[in-house]
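This is what each chain is made of:
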Amino acid sequence: MRLYQRRAGQIGGAAIVVGLAVLVSWSFAISWYPSPKSYPFQGPSVSAANGVIEWPVIRGGGAAFAYLTATIGADGRDASFQSNWSDVYAAGLRRGAIHVYSLCRLAADQANNFNTNVPYTGDSLPPAIAIDFEPGCTARPERDVVIGEVTRLITMIETHTRKPVLLKVSRRFDEKYRITAAIERPIWSSQNFFPPDYAARPWRMWQASDLRRMDGAPTLINWNVVAP
């Protein structure tokens, strides 16, 4: 009985140690961000899924800009884009709009969706196109088709915004279609904690964390830095 109790105590103690280690690791992960000395230009990228954000508080936490999801595919619109677009500007932050690309819809229809819903403003940041495999879309066209469609989307959005787009391409999408090797536009790469190297060219923006906790945001948010 005593041996059983001793072993149970040892197991319980080990579980406590493991639990504390997990808690410490999680606390570190949600509070981590790259050094402002190395990357002075930092900011979040958000959508309606992040809830109502207090942008002056986010600015006080070190943000210099914010990228806002605006449109999805050919007819999706982010419910918080218009309010975020105004509120970010009012808070004194630079702002940029994101279009979420879909393999299942024509590029021209997607560009029309973005151009209709995102106003032209000369002081905005370059628009971004987020390219990944969209849930619910099983289409997997040939590479030349995808490159042609993305190029058409870029051309139409750039005509409207008068700025070259950022290509926010996921690792898995780039591995299949090698978009960053085919289209010469600034790259926005994603990888938590460690600078990514999967794109064909050095990144211009890095999504360094997708689980940062900040005052002013009710959920974990994506945190990005611009290359120095």
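Everything numeric in this text was worked out from a predicted model, so none of it was measured.

A separate point is the overall build of the protein chain. Helix and strand content of the protein chain: 7 helices and 9 strands. Sorting the 228 residues of the protein chain into buried and exposed places 46% on the buried side. Excluding contacts between residues fewer than 6 apart, the proportion of contacts in the protein chain whose partners are at least 24 apart in sequence is 63%. For the protein chain, the computed accessible surface area is about 11,700 Å², with 57% contributed by carbon and sulfur atoms.

Moving on, we get to the environment of Pro36. Relative to the helices and strands, Pro36 is located in the loop between α1 (2-31) and β1 (42-46). Assessed through its relative accessible area of 45%, Pro36 is described here as partly exposed. For the pair Pro36 and Gly62, spaced 26 residues apart in sequence, the C-alpha separation works out to 8.6 Å.

Side-chain positions along a regular strand alternate between the two faces of the sheet. With 7 of 8 residues buried, strand β8 (residues 205-212) lies mostly within the body of the structure. Pairing between strand β7 (residues 187-190) and β8: 3 bridges, direction parallel. Bridge assignment links Ser190 to a residue of β8, and that residue is Gln207. In this sheet, strand β9 (residues 221-226) lies alongside β8 in antiparallel orientation, the contact comprising 5 bridges. Bridge pairing in β9 links Gln207 to Asn224.

What counts, and where the lines are drawn
- Residues numbered from 1 in each chain as written.
- Predicted model: local features only at pLDDT ≥ 70, side-chain atom pairs only at ≥ 80, totals over all residues.
- Heavy atoms only, no water.
- Helix = DSSP H or I, 4+ residues; strand = E, 2+ residues; numbered from the N terminus.
- Buried < 20%, exposed > 50% of the residue type's maximum accessible area, 1.4 Å probe, protein only.
- Contact = heavy atoms within 4.5 Å.
- Areas by Shrake-Rupley, 256 points an atom, 1.4 Å probe, with all protein chains shown as cover.
- Pairing = 2+ DSSP bridges.

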